[in-house]
Amino acid sequence: VAGVVALISLSFGGAVGLMFLMLGCALPQYNQYWPLFVLFFYILSPIPYCIARRLVDDTDATSNACKELAIFLTTGIVVSAFGLPIVFARAELIYWGACALVLTGNTVIFATILGFFLVFGSNDDFSWQQW
């Protein structure tokens, strides 16, 4: 039952984050769809860590270069997702209010992605790796 509650909570978080992103694009005073490019970052952000989890053997407690590189790449993707709306607002492609909505959506979406890996990332019988 706890897994179902976690899954519903993560779904709700994703929906709220995407709502903020769409509000930053589709409200009549903003009406610019450039911020939708952050969707690519949402898709790309978990990929390095998922690849590293497949390649790395977690039997030793020491740090692994492959896992560290995956975390570094993921950090770069997340920082880019936060930087892109700011660059758009500075270039006056979008308004600052739209930028704030997109940054709020980014925070919620990336917290949801982090929550997914915290809840389903363990190697027990309720793991995302079984899917």
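Per an unreviewed UniProt entry, the recorded name for the protein is Leptin receptor overlapping transcript-like 1, and the organism is Buteo japonicus. Per its UniProt entry, the protein bears the Function (unreviewed entry) comment "Negatively regulates growth hormone (GH) receptor cell surface expression in liver. May play a role in liver resistance to GH during periods of reduced nutrient availability." Under the Subcellular location (unreviewed entry) heading, UniProt states for the protein: "Membrane".

Now for the packing of helix α4 (residues 65-90) against helix α5 (residues 96-120). Working note: a packed helix pair is described by the angle between its axes plus the distance between those axes. Packing of α4 against α5 leaves a shortest axis separation of 9 Å and a crossing angle of 175°. Taken together, the axes of α4 and α5 are roughly antiparallel relative to one another. Across from Val78, Ala81, Phe82, Pro85, Ile86, Ala89 and Arg90 in α4, the residues of α5 making contact are Trp96, Cys99, Val102, Leu103, Asn106, Thr107 and Phe110.

Cut-off values and rules
Residues numbered from 1 in each chain as written. Predicted model: local features only at pLDDT ≥ 70, side-chain atom pairs only at ≥ 80, totals over all residues. Heavy atoms only, no water. UniProt positions renumbered as here; feature names shortened; annotations may be inferred. Axes fitted to C-alpha atoms, helices over the stretch in contact; angles between N-to-C directions. Helix = DSSP H or I, 4+ residues; strand = E, 2+ residues; numbered from the N terminus. Parallel < 35°, antiparallel > 145°, perpendicular 65-115°, else oblique. Contact = heavy atoms within 4.5 Å.

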